[in-house]
Amino acid sequence: MYFPATKNLTVSSMRIPTRKWPQRCLLGLLTTSISIAQAYHAAPSQAQNADYCQIPPSEANTKNVLRLAARKGDSESKAKYSEIVQKHVTYVQQCREKSWLKNQAIWIRLYPCDTSPGALEEIFDRMVNKGYNQVYVATFYAGRVLLPSSDNSTTWSSVLTTKGTEKTDLLADSIRIGKERGLKVYAWLYGLSFGPQYVATPEGQAALAVNGRGETTLLSSTNGFQSTESGGAGATVFIDPYSNKARRDYRTMVQEVARRRPDGVLLDYIRFPRGQGPQSVASQVQDLWIYSAESRQALSALAHNSKGTELIQRYVDRGTITVNDLKEVDKLYPDEDFPLWEGRTPLEGEAKMTYENKLAWIEWDLWQLTVAHASQGVVSFVEQAVLPVEQQKLKSGVVFFPEGNKPVGRRGYDSRLQAWDRFPTKTTEWHPMAYATCDRSECIVNSIQRVLNSAPPNTMVVPALAGNWSKPLEGRPSLEEQMDGIHKSLPQIQSISHFAFSWQEPELDYYRSSCKLK
């Protein structure tokens, strides 16, 4: 056991993550598209191995030429383009059936310029060319949601705010265009990271996660917490998972996303923030994000008697308890034999022990309780969040760091307190981010093996790999080498995802992210 466990409230076994562009953009897009195609097709690549089901460069190029001609109104090219698209759908499907790798997915963020005619078709064609049969589309991140502003009943603003895009449903369009190309499209949502807009009101402020020093992550650059993550500035504004308002607002958003009928919904950032330096470890109660009003109320409700309630409150307020606290509590509630709370079993002979002898035991039980409470908040948030997905009979998935629940020293834990081994599994896929860096595949394999060791039977484990095709990147071997290492050591793994499209197509991604709609 790595995280302290309590009865019913437990972290048992937890180890605590040319399309018609605007005129000003057209020339740049064509130049970029051609140069990227030439560079990609000219580069020798091991990735054309049959296991990865990639389209031969000559056919990928032909498809792109036909797509451009079809965009100009050539009816014959349009028919041929549709034909080759379907040919590639069939090829990838049949190839995947024969390959050990049944599903190869890629993560992507879409931008306003992707609403231009033909934009999504090109992007999704590129995915198919590289053998992907699944795509995870960023749908909620940094406090924005990929829903049309004219049909957005959520608390968050839409990703698309340019005039003329009010009715454009980029998520629904992605699902449709992906399906036409044989791609299963998942909606990828941030979890407890709600974005700065959410906390702009007093009600939103009340939903913020708070630690025992009165800190929130709203001003993360000044209090030792990571100020930027993959979501950009403001992505680390974390809310209290016990906040009823936050849960209601998130459920509404998930319902709206599920209504678009993606093939699945992935929940990311379902954890607390990672501190920097010493704050990367939670070793005392003040380090825990349990000090908001609703979290404290939920913690107090775990007490089974008045002595328990009083000691919990004193421990959380002061960060410790003393012999005098035990004496005072006994005087306040003389009819109760022991302080009790969820999961606590009194020591044998505790009533006869001296205050000095039982102090350390009771304080340790309080530490176990508060860590379990913090961790359980994340788990409960996930369980509530996937309900609308399950009601629509869609797949759900949880994204986490395999190291997000590791112990550190005698009583410390990774500050993310990501109790992934308690995440649901019956209808929910596990997507561990195997991002270890050791210039070899061994450390990545070991990270995935750690997850498999804790996964209940029949859990769908889909490792997320960081890197690029045919070349090492930032201390990680090529994607081929990573996948080969996984296949040799962990043959039960049959699905893998790659982070991210932007890493594989950096020039195109830069252009798409910087291009402005009129």
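Not measured: the values here are computed from a predicted model.

## A look at the side chain of Ser 447
1) Next: Within the secondary structure, Ser 447 is located in helix H13 (residues 442-454).
2) Next: Apart from the residues within four sequence positions on either side, Ser 447 is in contact with Pro 402, Glu 403 and Ala 434.

## Side note on the side chain of Gln 286
1) Next: Position of Gln 286 among the secondary structure elements: in the loop between strand E9 (281-282) and helix H8 (293-300).
2) Next: Under the relative-accessibility criterion, Gln 286 is labelled buried at 17%.
3) Next: Discounting chain neighbours no more than four positions away, the residues touching Gln 286 are Asn 211, Gly 212, Arg 213, Tyr 291, Arg 318 and Gly 319.

## Notes on the sheet that holds strand E12 (residues 412-414)
1) Next: In spatial order, the strands read E9-E12-E11; together these 3 strands make up an open sheet with antiparallel pairing. Both edges of this open sheet fall to E9 and strand E11 (407-408), since each of them pairs with a single strand only.
2) Next: One ladder, built from 2 bridges, connects E11 with E12; its direction is antiparallel. Opposite Pro 407, over in E12, you have Tyr 413 as the bridge partner.

## Looking at helix H16 (residues 506-514)
1) Next: Within the span of H16, buried status applies to Leu 508, Asp 509, Tyr 511 and Arg 512. An end-on view of H16 places all buried positions within 165 degrees of arc, on one side of the element.

## Remarks on the state of the cysteines
When the sulfur atoms of two cysteines share a covalent bond, that bond is a disulfide.
1) Next: In total, this model carries 2 disulfides according to the counting rule given.
2) Next: The residue that forms a disulfide with Cys 53 is Cys 95, at a sulfur-sulfur distance of 2.1 Å. Here Cys 53 and Cys 95 share a disulfide; its torsion about the S-S bond, -85 degrees, makes the bridge left-handed. Placement of Cys 53 in the loop between helix H1 (23-42) and helix H2 (57-71) and of Cys 95 in helix H3 (residues 75-98) is noted, with a sequence separation of 42 residues between them. For the residue pair Cys 53 and Cys 95, the accessibility class agrees, reading buried in each case.
3) Next: Cys 438 shares a disulfide with Cys 443; S-S distance 2.1 Å. One quick way to see it: the torsion about the S-S bond of Cys 438 and Cys 443 is about -95 degrees, and its sign makes the bridge left-handed.

## Quick word on unusual backbone geometry
1) Next: In this structure, Ala 500 follows Phe 499 across a cis peptide bond, with omega equal to 5 degrees.
2) Next: Mapped onto the elements, Ala 500 comes out in the loop between strand E15 (495-499) and helix H15 (501-504).
3) Next: Even without a glycine there, the phi angle at Asp 439 is positive, about 65 degrees.
4) Next: The class for Asp 439 is exposed, based on a relative accessible area of 57%.

## Re the environment of Arg 260
1) Next: Looking at the secondary structure, you find Arg 260 in the loop between helix H7 (244-258) and strand E8 (264-268).
2) Next: Residue class for Arg 260 comes out buried when judged on its relative accessible area of 11%.
3) Next: Spatially, the C-alpha atom of Arg 260 lies 9.5 Å from that of Asp 173, the residues being 87 residues apart in sequence.
4) Next: Look past the residues within four positions of Arg 260 in its chain and what remains in contact with it is Leu 147, Pro 148, Asp 151, Asp 169, Leu 171, Ala 172 and Ile 175.
5) Next: At 3.1 Å, the side chain of Arg 260 and the backbone oxygen of Glu 256 are in polar contact.

## Quick look at the packing of aromatic side chains
How two aromatic rings sit relative to each other is given by the distance of their centres and the angle of their planes.
1) Next: Applying the stated criterion across every chain yields a total of 25 aromatic pairs.
2) Next: With a centroid separation of 5.7 Å and an interplanar angle of 80 degrees, the aromatic rings of Trp 420 and Trp 430 are classed as edge-to-face. Taken as a pair, Trp 420 in the loop between E12 and strand E13 (428-434) and Trp 430 in strand E13 lie far apart in primary sequence, 10 residues in all. Each member of the pair, Trp 420 together with Trp 430, is buried.
3) Next: An aromatic cluster is built from Trp 107, Tyr 136, Tyr 186, Trp 188, Tyr 190, Phe 238, Tyr 269, Phe 401, Tyr 435, Phe 499 and Trp 503, whose rings are joined through pairwise contacts.
4) Next: Above the face of the Tyr 141 ring, Arg 109 is positioned so that its terminal group lies 3.8 Å from the ring centre.
5) Next: Of note, Arg 416 hangs over the ring of Phe 401, and the distance from its end group to the ring centre comes to 4.7 Å.

## Details of the packing of H3 against helix H4 (residues 119-129)
1) Next: In contact at an axis separation of 10 Å, H3 and H4 are set at 35 degrees when each is read in the N-to-C sense. Considering only the axes of H3 and H4, their crossing is left-handed. Residues Tyr 81, Val 85, His 88 and Val 92 of H3 form the contact with H4, whose own contacting residues are Glu 121, Asp 125, Val 128 and Asn 129.
2) Next: Within the contact of H3 with H4, the residues separate by chemical class into 4 nonpolar, 2 polar and 2 charged.

The rules behind each value
- Every residue gets a number counted from 1 within its own chain, in the order that chain's sequence is written.
- A pLDDT threshold of at least 70 governs which residues receive local features in this predicted model, and a stricter bar of 80 or more applies before side-chain atom pairs are shown or counted, although totals over entire chains, interfaces and linings include all residues.
- As a rule here, side-chain values cover all heavy atoms of the structure and leave hydrogens and water aside.
- Put simply, DSSP H or I for four residues or longer makes a helix, DSSP E for two residues or longer makes a strand, and each gets a number counted from the N terminus.
- Working rule for contacts: check all heavy atoms of both residues, and any pair within 4.5 Å makes them a contact.
- Using a 1.4 Å probe on the protein chains alone, a residue whose accessible area is under 20% of its type maximum counts as buried, one over 50% counts as exposed, and one in between counts as partly exposed.
- Any two strands between which DSSP finds at least two bridges are classified as paired.
- The directions considered for the arc are those from the helix axis to the C-beta atoms.
- The definition used for a disulfide is geometric: two cysteine sulfur atoms within 2.5 Å.
- We call two N or O atoms a polar contact when they sit within 3.5 Å, provided that within protein one can donate a hydrogen and the other can accept it, with sequence-adjacent residues counted only if both atoms are side-chain atoms.
- Aromatic rings from Phe, Tyr and Trp, with only the six-membered ring used for Trp, were paired whenever their centres fell within 6.5 Å, and each pair was classed as stacked if the ring planes differed by under 30 degrees, edge-to-face if by over 60, and tilted otherwise.
- Charge-over-ring placement is defined geometrically: NZ (Lys) or CZ (Arg) within 6 Å of the ring centre, and within 35 degrees of the ring normal.
- Only the contacting stretch of a helix is used when fitting its axis, a line to C-alpha atoms as for every element, and angles between N-to-C directions run 0 to 180 degrees.
- The hand of a helix crossing depends on one turn: near helix anticlockwise from the far one by less than a right angle means left-handed, and clockwise means right-handed.
- Charged means Asp, Glu, Lys or Arg here, nonpolar means Ala, Val, Leu, Ile, Met, Phe, Trp, Tyr, Cys or Pro, and polar covers whatever is left, Gly included.

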